[in-house]
Structures are given as structure tokens and as C-alpha cells.
Amino acid sequence: MIRFVFLVSIFIVGLFGINLKSFFTYTFDSGKTYDMQKAKDLYFQKKCQTCHGDTGERKISGKALKDMKPEDIKSSLINFTLEGGNSVNMAVHSRNLSHAEIDEIIAYIKGEDFAVELQVKDLLEEEPPQKTKHGIFIK
Ligand code: HEC
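Residues numbered from 1 in each chain as written. Predicted model: local features only at pLDDT ≥ 70, side-chain atom pairs only at ≥ 80, totals over all residues.

## Regarding the overall build of the protein chain
Along the backbone of the protein chain there are seven helices and zero strands. The N-to-C order of helical and strand elements in the protein chain reads α-α-α-α-α-α-α. Here the protein chain holds 139 residues, and the buried ones make up 15% of them. Sequence-distant contacts, at least 24 apart, represent 61% of the contacts inside the protein chain between residues at least 6 apart. (Helix = DSSP H or I, 4+ residues; strand = E, 2+ residues; numbered from the N terminus. Buried ≥ 20, exposed ≤ 12 C-beta atoms within 10 Å, placed from the backbone. Contact = placed C-beta atoms within 7 Å.)

## Regarding the nonpolar core
It is characteristic of soluble globular proteins that their nonpolar side chains tend to be buried jointly. Ranked by internal contacts, the top residues of the largest apolar core, which has 14 residues, are Ile105, Ile106, Tyr108 and Ile109. For this core, the secondary-structure elements that each account for two or more residues are helix H4 (70-83), helix H6 (99-110) and helix H7 (114-126). Examining the composition of this core, we find that six residues originate from one element, H6, more than from any other. Apart from residues no more than four positions distant in its own chain, tyrosine 108 is found in contact with Met36, Ala39, Lys40 and Tyr43. (Core = buried A, V, L, I, M, F, W, Y, C linked by C-beta atoms within 7 Å.)

## What to know about the confidence of the model for the protein chain
In low-pLDDT segments, the atomic positions of the prediction should not be examined closely. For the protein chain, the average pLDDT comes to 83, and 78% of its residues sit at 70 or higher. For the protein chain, per-element mean pLDDT is lowest for helix H1 (residues 2-16), which scores 73, and highest for helix H2 (residues 36-45), which scores 96. (pLDDT = per-residue confidence, 0-100.)

## Looking at the environment of isoleucine 102
One can find isoleucine 102 in helix H6. Measuring from C-alpha to C-alpha, the distance between isoleucine 102 and leucine 77 comes to 7.6 Å, with 25 residues separating the pair along the chain. In this view, isoleucine 102 contacts Lys74, Leu77 and Leu97; residues no more than four positions away in its chain are not counted.

## Some thoughts on the site of the ligand
The environment of the ligand is formed by 19 residues, the closest being Lys46, Cys48, Cys51, Ser76 and Ser87. Among the residues making up the shell around the ligand, the classes are represented as eight nonpolar, eight polar and three charged. (Near = placed C-beta within 6 Å. Nonpolar A, V, L, I, M, F, W, Y, C, P; charged D, E, K, R; others polar.)

## Some details on unusual backbone geometry
Backbone geometry places lysine 47, a non-glycine residue, at a positive phi of 65 degrees. For lysine 47, the position within the fold is in the loop between H2 and helix H3 (48-52). Judged by the 11 C-beta atoms lying within 10 Å of it, lysine 47 is exposed. Of note, the phi angle at serine 61 is positive, near 45 degrees, even though the residue is not glycine.

## Quick word on the packing of H2 against H6
Where H2 contacts H6, the axes come no closer than 8 Å and their chain directions differ by 105 degrees. Taken together, H2 and H6 sit at an angle that is classed as roughly perpendicular. Across from Met36, Lys38, Ala39, Lys40, Leu42 and Tyr43 in H2, the residues of H6 making contact are Glu101, Glu104, Ile105, Ala107 and Tyr108. Its residues assigned to classes, the contact of H2 with H6 comprises seven nonpolar, no polar and four charged. (Axes fitted to C-alpha atoms, helices over the stretch in contact; angles between N-to-C directions. Parallel < 35°, antiparallel > 145°, perpendicular 65-115°, else oblique.)

Below you can see the structure in the form of C-alpha cells.
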């Protein structure tokens, strides 16, 4: 019976091309378009700029938001909310953010096409370049 369930799940994953990565990391809707003015307003309304800089360029604890990956920004913001305690500043500021608002803020920081870029990067990563036996990449 267990073997049957296992085989069926492999079949389903194969059939629908379920992206296993999406179970482990945050994914974004690449079809969504963002109103960049609204995204900017949100970033300023929520006072993110007072600590992180007008475009997320200021380095706090060694990292600038601009240099972070979208999925890391999202998981940080969600962690700050759920586990609040580990950053007093951030817990206060991220408490009332919805998932949609988090995505908007990411669009402001990373550019409105961030989700598309992420998807392209994923696709490219899935097929590593061919290597010859001398370790030279064929392009
Ligand atoms: C009062 C200052 C302050 C404000 C306002 C603030 N932050 Fe932060 N933020 C911090 C500090 C300090 C850290 C580092 C937290 C830590 O490591 O304890 C941080 C960390 C973060 C991180 C994680 C960075 C990392 O190194 O992992 C993200 C993402 C983030 N902030 C996003 C935001 C967003 C989005 C807003 C607006 C909703 C915001 N912050 C508002 C002070 C602030």
C-alpha cells in the first residue's frame, strides 16, 4: 500500500510538473503587475525608509534590503511577525503587513519585474551549462 502511494505521488508530480521548490521557499506570482507608485507610498507610509533608506540601500546589520533576495525579504518579514521577539524594531513595523503588502514592498525594493526575473533565474538554474571534460563551458 505504501509503495502504491509512493508511486502515485511520483506519477502526480511528473504529470503536473509540481514545482517542489515552491514547498520550501516563498514563490511569487509572476503574472501580477504592481502599481509602483502605490508600492512606494506603502514603503514610506510604513516608515521603512527611516531605518532602511529611501530605496532600501542602507546597510543594517551588514545587509541592505536591496541586496537581499525577494524570498529572503519575505521570509524575514513573516518571521519578524510570527516570532516578534528577535527584533523589537522590525516586529513593530512588520506586524500589520499582509502578504500582498509584503509583495508590494518587495516590488518597490527589487523592481516591478522581480517575480519574472526570479522565474527566469529558476529556469536557467534547472539546466546547468554543459561542461567538457576539461571543465570548459560550452555556450
Ligand atoms: C525603527 C527602524 C526600522 C524600521 C522602521 C524598519 N526596520 Fe527593518 N530592520 C531594522 C533593523 C534594526 C533590522 C535588523 C534586525 C535584526 O537583525 O535584529 C531590520 C531588518 C529587516 C529585514 C531583514 C534583514 C536581514 O538582515 O535579514 C527586513 C526584510 C526588513 N527589516 C524590512 C523592513 C520593512 C519592509 C520595513 C517597513 C515595513 C522595515 N524593515 C522597517 C530596523 C527597521
